[in-house]
Amino acid sequence: MIILALDTAGVDCAAALYDSGRDTMLGEASDMIGKGHAEHLMGIVDRVLEQAAIPLSAVDRIAVTIGPGSFTGIRVGVAAARGFALSLGIPAVGVTTLAVMAEAQRLRTPGRSVLAAMDAKRNDIYLQTFDADGEPLDEARAVTVEEAQAIAATFEGEITGSATPLLKPSTTGDHPNHFPISIVARLGAAADLSSGKPKPLYLRGPDAKPQAGFAIARV
């Protein structure tokens, strides 16, 4: 099975082609762009198809990161994944960024459970815990920094993600919400199709609010 994986949930704009039957990455590309995923994504996909030397029609499944992450970026990736799936007549699956981060950490420290934690700002942290086999132990959720610190204090395993310094004060260095696009592809290949079409995972509402005070009254 050939998987086309897409990630636009964070600062990266990435795509990969993965042959699950041979457990082989056929091509992958990732640019750290911050913004502008909508304008950049199709070019990334073209680069990956060129690397793999196969047509888009050879793809059997689409996998896409569904969040949490950038509100706009997530919408871009999910819309592209569903568009590809519809035009090709193939399934699309969603993979959470927390699951991908946890899997990346699990590969670095095999046999250890993982707490994936993203600094969501405004005193919030997105987090989820996974066992040593990568299975989720709870639901992805947004909690306060204080609540996350209480969870981390009793968690016996690895902590990964941008919120790591908030949960482990002794931690030094950067801990970005970054992961190889190849992990999205592999998790997408193993994903259960019963969950239906991918849809954005928003753990908090958008920062932008309607300017109700400037609305023009209807007559």
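What counts and what doesn't
Residues numbered from 1 in each chain as written. Predicted model: local features only at pLDDT ≥ 70, side-chain atom pairs only at ≥ 80, totals over all residues. Heavy atoms only, no water. Helix = DSSP H or I, 4+ residues; strand = E, 2+ residues; numbered from the N terminus. Buried < 20%, exposed > 50% of the residue type's maximum accessible area, 1.4 Å probe, protein only. Polar contact = N/O pair within 3.5 Å; in protein donor to acceptor, adjacent residues only side chain to side chain. Contact = heavy atoms within 4.5 Å. Pairing = 2+ DSSP bridges. Axes fitted to C-alpha atoms, helices over the stretch in contact; angles between N-to-C directions. Parallel < 35°, antiparallel > 145°, perpendicular 65-115°, else oblique. 1 Å grid on protein atoms, 1.4 Å probe; cavity = no way out; pocket = protein on both sides within 12 Å on 5 of 7 lines; lining within 4 Å. Points joined across faces, edges and corners; volume = space filled by probe spheres on them. Nonpolar A, V, L, I, M, F, W, Y, C, P; charged D, E, K, R; others polar. Domains from an automatic or database assignment. Phe/Tyr/Trp six-rings, centres within 6.5 Å; stacked < 30°, edge-to-face > 60°. Buried area = accessible area lost by both parts, 1.4 Å probe.

## Regarding the side chain of T8
Inference 1: Within the element layout of this structure, T8 appears in the loop between β1 (2-7) and β2 (12-19).
Inference 2: Overall, the relative accessible area of 0% leaves T8 in the buried class.
Inference 3: Separated by 2.6 Å, the side chain of T8 and the backbone oxygen of G73 make a polar contact.
Inference 4: Ignoring any residue separated from it by four or fewer positions in sequence, one finds T8 in contact with C13, H37, L41, T65, G73, I74, V76 and G77.

## Considerations on the sheet that holds strand β6 (residues 114-121)
Inference 1: With mixed pairing, the 4 strands of this open sheet are ordered in space as β8-β7-β6-β9. The sheet terminates laterally at β8 (141-144) and β9 (158-160), the two strands that pair on one side only. Adjacent strand axes in the sheet meet at a mean angle of 35°, parallel and antiparallel pairs treated alike.
Inference 2: Here strand β7 (residues 124-130) pairs with β8 via 4 bridges, running antiparallel. Directly across from Y126, in β8, lies its bridge partner A142.
Inference 3: Contacting β6, β7 and β9, helix α3 (residues 97-108) runs over the sheet at an angle of about 135° to β6.
Inference 4: The sheet contacts of helix α4 (residues 145-153) involve β6, β7, β8 and β9, and relative to β8 the element is tilted by about 100°.

## Describing the packing of α3 against helix α6 (residues 181-190)
Inference 1: Orientation of α3 relative to α6, taken along the N-to-C sense of each, is 105°, at an axis distance of 10 Å. As summarised for this structure, α3 and α6 are arranged roughly perpendicular, according to the angle between their axes. On the side of α3, the interface is formed by A99, V100, E103, A104 and L107, while α6 contributes I183, V184 and L187.

## Remarks on the layout of surface pockets
Inference 1: For the largest pocket, the calculated volume is near 920 Å³.
Inference 2: What lines the largest pocket is a set of 32 residues, among which G94, V95, T96, A99 and A191 lie closest to the centre.
Inference 3: Those elements giving two or more residues to the lining of the largest pocket turn out to be β5 (92-95), α3, β7 and α6.
Inference 4: Residue composition of the lining of the largest pocket, by class: 16 nonpolar, 6 polar and 10 charged.
Inference 5: Built from parts of two domains, the lining of the largest pocket gets at least three residues from each of domain 1 (2-97 + 178-190) and domain 2 (98-167).

## What to know about the packing of aromatic side chains
Inference 1: In the structure shown here, the tally under the stated rule is 1 aromatic pair.
Inference 2: Between F71 and Y202, the aromatic rings sit 4.4 Å apart at their centres with planes inclined by 20°, giving stacked as the arrangement. With F71 in helix α2 (residues 71-88) and Y202 in the segment after α6, this pair connects stretches of sequence that are 131 residues apart.

## A closer look at the domain arrangement of the protein chain
Inference 1: Assigned domains of the protein chain: these are domain 1 (2-97 + 178-190) and domain 2 (98-167).
Inference 2: Taking the mean C-alpha position of each, domain 1 and domain 2 sit 24 Å from one another.
Inference 3: The largest per-residue losses of area from domain 1 upon contact with domain 2 belong to P68, T97 and I183, which jointly make up 53% of the total buried on that side.
Inference 4: Our enumeration of links across domain 1 and domain 2 arrives at 6 residue pairs in polar contact (both at pLDDT 80 or more).
Inference 5: For the side of domain 1 that touches domain 2, the element with the highest residue contribution is α6, accounting for 3 residues.

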